[in-house]
Amino acid sequence: MEVRGIKDRMTEIKAIRGFNDILPGEIGKWQFVENTAREVFEGFGFSEIRIPILERTELFARGIGEATDIVEKEMYTFTDRSGNSLTLRPEATASMARAYLEHQLHSFDPVAKLYCIGPMFRYERPQKGRYRQFYQIDAEVFGVDNPMVDAEVIHMLIHFLRRVGLERLELQINSLGCRECRPRYREELKGFLTKRSFRLCEDCQRRLETNPLRILDCKVESCQEAIAGAPKVTDYICEQCRKHFDRVKEYLAMAGLSFILNPRMVRGLDYYTRTAFEVISYQLGSQNAVTGGGRYDNLFQEIGGLDIPGIGFAVGMERLVSLLPAGKGFVQNPSLFVAALGDEALKEAYRIVSQLHLEGIRAELDYEGKSLKSQMRRADKLKARYVLIFGEEEFKRGRAVLRNMETKSQEEIPLQGVLNTLKKRIIGD
Ligand code: AMP
């Protein structure tokens, strides 16, 4: 069927900027990444949780922090018909923490290992690798502050990325201190940067007051110059934070993981405390952080007034998928195409294809029964592995030709028992 005349009747409607369709040709990669995540995470003792896409704005404002880029300028916030301020989730951790509290998951077991896969929404300037709707795979552990868990979560992440097939990965870690020791560092950094404030971009001038640590993360060149020689957070962390960080490093080494200490890595969200980490892929360009995460022992305080520790990470799926090798194995082509000429042959083709579908075998036919030549062209375009050809003459003799499209070899097979023959060929090799 040709799609005709739609343009004459109305202007074409396009997707919103920064919102992508994931088309059938690409979906194989996405499914592979998601399936691998499920397999690896479940193996590490994590369970899936599905949380709503909409939450009360307050959850993110309090959880992520008012003075973060996300809350200040990137949230999709609107008022619903009842006058409630709602926000499309910009990340999953705050919602997962809310669900953990709301359903008292801690009363069953204080330790909850959860993961969640789905779309997030941020009003950022769209560019390659940066979208307004994007997908994340999140994993979080609530209820344990032992550094062993920090290492375990990072270990799981690296294992997952390797299983997906990523290479040239670099794990960077840092400690951001805690409520006790970070204020001292914050003041020290603020003092240092105030002297160089003339070099800071407009955003960072403002951050100097609201959130000076975020300046360390700014990509603007003059800001990068301004922070050269800035005090390092790890020189200011308290004894407990230092011990925690040392143990994390020890456990990472026990897992055979190498890492780079990056005292400039602060992560975008306010709630992080102590361990912060990012995994960089040198296969990517400027948006080279595939994933990042960290410990957030204050988040639960902000949203529920409880002292529950947490640690986790979010992997950006678009960036991960873009790193997978093209083509092979990810696109699902039909195993069989049945090319049939004439009504009777077409009916038989339909019977065979329906039976194969019940067996989970991807099989196609041409519903219009066009010329054999055009059906063969279509089979070729769809990259079918085999084509079963019902030429009129063979069909009358109760036979068909089975063509292996890869080797181009052909054999004549009897229609009697054709399903078994096909299954043997398709599944058997
Ligand atoms: P964040 O939640 O900001 O720590 O981001 C975690 C990961 O999500 C990043 O490392 C990216 O891979 C991905 N990510 C964040 N923002 C976007 C975006 N706007 N578009 C695509 N991926 C993103």
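Nothing here was measured: the structure is a model prediction, and the numbers come from that model.

Calculation rules
- Residues numbered from 1 in each chain as written.
- Predicted model: local features only at pLDDT ≥ 70, side-chain atom pairs only at ≥ 80, totals over all residues.
- Heavy atoms only, no water.
- Axes fitted to C-alpha atoms, helices over the stretch in contact; angles between N-to-C directions.
- Helix = DSSP H or I, 4+ residues; strand = E, 2+ residues; numbered from the N terminus.
- Parallel < 35°, antiparallel > 145°, perpendicular 65-115°, else oblique.
- Left-handed = near helix turned anticlockwise from the far one by under 90°.
- Contact = heavy atoms within 4.5 Å.
- Nonpolar A, V, L, I, M, F, W, Y, C, P; charged D, E, K, R; others polar.
- Near = heavy atom within 4 Å.
- Areas by Shrake-Rupley, 256 points an atom, 1.4 Å probe, with all protein chains shown as cover.
- Core = buried A, V, L, I, M, F, W, Y, C linked by side-chain atoms within 4.5 Å.
- Buried < 20%, exposed > 50% of the residue type's maximum accessible area, 1.4 Å probe, protein only.
- Expected span 1.5 Å × (residues − 1).
- Pairing = 2+ DSSP bridges.
- Domains from an automatic or database assignment.

1. Description of the packing of helix H2 (residues 24-43) against helix H7 (residues 147-164)
Okay, step 1: Contact geometry of H2 with H7 gives a least axis separation of 10 Å together with a crossing angle of 140°. As far as their axial angle goes, H7 and H2 are oblique. Considering only the axes of H2 and H7, their crossing is right-handed. Facing Phe32, Val33, Thr36, Ala37, Glu39, Val40 and Phe41 of H2, the residues of H7 in contact are Met156, His159, Phe160, Arg163 and Val164.
Okay, step 2: Here the residues of the contact of H2 with H7 are counted per class, giving 8 nonpolar, 2 polar and 2 charged.

2. Concerning the site of the ligand
Okay, step 1: Taken together, 14 residues form the shell around the ligand, and within it Arg122, Glu124, Tyr131, Gln136 and Arg267 come nearest.
Okay, step 2: Burial of the ligand by the protein amounts to 90% of the accessible area it has alone, namely 490 Å².
Okay, step 3: Counting residues per element, the ones that place at least two in the shell around the ligand are strand E6 (133-142), strand E10 (289-295) and strand E11 (310-316).
Okay, step 4: Here the shell around the ligand gets 3 residues from one element, more than from any other, and that element is E10.

3. A short note on the nonpolar core
Okay, step 1: Among the nonpolar cores identified, the biggest contains 56 residues, and Met96 and Phe142 are the most heavily contacted of them.
Okay, step 2: The contacts of Met96, once residues within four sequence positions are left out, are Ile49, Ile51, Leu114, Tyr115, Cys116, Asp138, Glu140 and Phe142.
Okay, step 3: One finds Tyr115, Tyr251, Val279 and Val321 within the second-largest nonpolar core, a separate group that totals 42 residues.

4. With respect to helix H14 (residues 343-358)
Okay, step 1: In this model H14 runs 23 Å from its N-terminal to its C-terminal C-alpha over 16 residues, within 8% of the 22 Å that 1.5 Å per residue would give.
Okay, step 2: Here the buried face of H14 lies against strand E12 (336-340), strand E13 (363-365), strand E14 (386-390), helix H16 (392-396) and helix H17 (418-428).
Okay, step 3: A positive phi of about 80° marks Gly360, the residue just after H14.

5. Brief notes about the pairing of E11
Okay, step 1: Taking burial as the measure, the 7 residues of E11 include 7 buried ones, the bulk of the element.
Okay, step 2: Alternating positions in E11 separate into two faces, Gly310, Gly312, Ala314 and Gly316 on one and Ile311, Phe313 and Val315 on the other, with burial throughout.
Okay, step 3: Two strands pair when backbone bridges link them, and E6 and E11 are joined in this way by 7 bridges, in the antiparallel orientation. Looking at E11, one finds that Gln136 is bridged to Gly316.
Okay, step 4: The pairing of E10 with E11 spans 5 bridges and is antiparallel. Across the sheet, residue Gly293 finds its bridge partner in E11, namely Phe313.

6. Re the environment of Asp21
Okay, step 1: Here Asp21 is to be found in the loop between helix H1 (6-9) and H2.
Okay, step 2: When sequence neighbours within four positions are dropped, the list of residues in contact with Asp21 reads Ala15 and Glu26.

7. Regarding unusual backbone geometry
Okay, step 1: With phi around 50°, Arg168 is a residue other than glycine that occupies positive phi space.
Okay, step 2: Within the fold, Arg168 resides in the loop between H7 and strand E7 (169-175).
Okay, step 3: Not every positive phi belongs to a glycine, and Arg274 is a case in point at roughly 50°.
Okay, step 4: Within the secondary structure layout, Arg274 lies in strand E9 (residues 273-281).
Okay, step 5: You can call Arg274 buried: its relative accessible area is 14%.

8. Observations concerning the environment of His155
Okay, step 1: Among the secondary structure elements, His155 is positioned in helix H7.
Okay, step 2: According to the relative accessible area criterion, His155 is partly exposed, its value standing at 30%.
Okay, step 3: In the structure, His155 is positioned 102 residues away from Leu257 in sequence and 7.5 Å away in space, judged by C-alpha atoms.
Okay, step 4: Excluding residues within four positions of it along the chain, His155 makes contact with Ala255 and Leu257.

9. Concerning the sheet that holds E6
Okay, step 1: Read from one edge to the other, the open sheet built from 8 strands follows the order E1-E5-E6-E11-E10-E9-E7-E8, with strand pairing classed as mixed. Bordering the open sheet on either side are strand E1 (47-48) and strand E8 (260-261), each of which pairs with just one other strand.
Okay, step 2: Where E7 lies against E8, 2 bridges are found, and the strand directions are parallel. Paired with Gln172 across the strands is Ile260, a residue of E8.
Okay, step 3: Across the sheet, helix H5 (residues 93-102) is in contact with strand E5 (112-121) and E6; its angle to E6 comes to roughly 45°.

10. Details of the sheet that holds E12
Okay, step 1: Pairing is mixed across the open sheet formed by 5 strands, whose spatial order is E13-E12-E14-E15-E16. Among the strands making up the open sheet, the edge pair consists of E13 and strand E16 (410-414). If you compare each strand with its neighbour and ignore which way they point, the axes differ by 25° on average.
Okay, step 2: Here strand E15 (residues 399-404) runs beside E16; their pairing, made up of 5 bridges, is antiparallel. Pairing of Val401 across the sheet is with Glu412, part of E16.
Okay, step 3: Seen against the sheet, H14 touches E12, E13 and E14 and runs at an angle of roughly 160° to E13.

11. Considering the domain arrangement of the chain
Many structure descriptions define interface size as the accessible area lost when the parts assemble.
Okay, step 1: According to the domain assignment, the chain consists of domain 1 (24-181 + 237-323) and domain 2 (336-428).
Okay, step 2: Distance from the C-alpha centre of domain 1 to the C-alpha centre of domain 2: 49 Å.

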